[in-house]
Amino acid sequence: MRNFIKIFPHVLIWTIVLIVPTYLMSREGVFDSKPFYNYCIRISLLAILFYFNYLYLIEKFLFNRKIITYISINIVLVIIIVALQTTISDLLAFSIPVNMQEHPKDFPRMEDHRRGGPGGPPLMKFVIDYMSIFFLIGLSVAIKMTARWYKDSITFEKIKSVQLEADLRNLRSQLNPHFLFNTLNNIYSLIAIDQNGAQDAIHRLSNLLRYVMYDNDQKFVPLDKELEFTKNYIDLMRLRLSSMVKLNVEINSAESKDLIASLMFITLIENAFKHGINNGENSFINISILVDAGKGVLCTVENSLIEKAENMETHNSGIGLVNLTKRLELLYPDRYEFIAERRPDRFFTLLKIDFKKIEITA
């Protein structure tokens, strides 16, 4: 089916090229075979030149940057095509009988044919012939380059998709050990002093790991599930905070039915927990995720600056802020705003996605 789609337009175009002139030549009820044969010969030679360029020369020489070779070959081919056309036309002029008495105006004299037409200057015919041939060559190049651009664009989209999936798998593989190690230690400490709290933490951890490993296989997931995962993560990380760390969280889903790329907020939040606090000194984390249903989402994360946060951008866990930017550009080109900056008393990140501009594709 795919080959048929590729071949059919070519067959249709060449059929039209042959049928329309045939109709015009015979519309007055008199069909002259000699001009028709000349026309068919010319079209056949041009078709050979076109497809020789399209199927071989362009790929072999032009795409390999052998431009001079490509031009030289085509110049030789054009000269051969014109010579063959002239020779065959002259042979047809002698071989096909002409009834000059019945159609004296329909058949030019042989002298006129060799001059380029009745009363027509040979130079003008020469220029038109060559211009039409070189136009055909240019057309074959344009069609071939368009086809190659389309193929390359599809390949590039596939590469981007594969890279995106690789980034997401990398995020999961980096995320799981970090969650597991810290959370299990915290749960172990809770067992002796707060069994109910430990049970709740285990339940949250199981939900979190289930989501990371199984529930978000699709490129886009329901926003409410992503926010539930984010809340579970924050609650688990809260277990290891001392009283000297202030954690402020505001998450408003507004009962949104929107979709969002999975694990989109967690890099910012994980970054803040890993680099922005110290249980031995006063520090803080402020997390805000506000959803305007059907319109967009705004996530801001800010944390205190401590000594180890000096180079937090380059020591970020998971895929990091750089790779997060890459994911955003791949998934939401021109549809997001992302800010990550160090301010006098805090590190601030902002992520805004406009749902109204997002076209979700499978």
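Given the structure is predicted, the values throughout are model-derived calculations rather than measurements.

**Remarks on a nonpolar patch on the surface**
A contiguous nonpolar patch, built from Ile67, Ile71, Ile75, Ile79 and Phe134 and spanning about 450 Å² of accessible area, is present on the exposed surface. If you tally residues by element for the nonpolar patch, the top one is helix α3 (residues 67–95), at four residues. Residue position: isoleucine 79 is located in helix α3. On the basis of relative accessible area, isoleucine 79 is assigned to the partly exposed category, the value being 47%.

**A word on the pattern of salt bridges**
Where side chains of opposite charge bring their charged atoms close, a pairing between them can arise. Scanning all chains against the criterion turns up eight salt bridges. Measuring nitrogen to oxygen at the nearest pair gives 3.5 Å for the salt bridge that ties arginine 238 to aspartate 235. With a gap of three residues between them, arginine 238 and aspartate 235 both fall in helix α7 (residues 223–238), about one helical turn apart. Judged by its relative accessible area of 23%, aspartate 235 falls in the partly exposed class. In this structure, glutamate 341 engages arginine 343 in a salt bridge whose closest nitrogen and oxygen atoms are separated by 2.8 Å. The exposure class of glutamate 341 is partly exposed, given its relative accessible area of 32%. A residue is classified by how much of its surface remains accessible, and arginine 343, at 33% relative accessible area, is partly exposed. Salt bridges here are not isolated pairs; linked through shared partners, they connect Asp200, Arg204, Asp235 and Arg238.

**A look at the nonpolar core**
Nonpolar side chains in soluble globular proteins generally cluster together in the buried interior. Counting residues in each nonpolar core, the largest one holds 49 residues, and the members touching the most others are Met264, Phe265, Phe273, Tyr332 and Ile353. Of all hydrophobic cores here, the second largest spans 23 residues; its members include Ala47, Val82, Leu136 and Val141.

How each quantity is defined
- Residues numbered from 1 in each chain as written.
- Predicted model: local features only at pLDDT ≥ 70, side-chain atom pairs only at ≥ 80, totals over all residues.
- Heavy atoms only, no water.
- Patch = residues over 30% accessible without salt bridge, like charges linked within 9 Å, V, L, I, M, F, W, Y side chains within 5 Å.
- Areas by Shrake-Rupley, 256 points an atom, 1.4 Å probe, with all protein chains shown as cover.
- Salt bridge = Lys/Arg side-chain N within 4 Å of Asp/Glu carboxyl O.
- Helix = DSSP H or I, 4+ residues; strand = E, 2+ residues; numbered from the N terminus.
- Buried < 20%, exposed > 50% of the residue type's maximum accessible area, 1.4 Å probe, protein only.
- Core = buried A, V, L, I, M, F, W, Y, C linked by side-chain atoms within 4.5 Å.

Taken by themselves, the reported measurements are silent on function.
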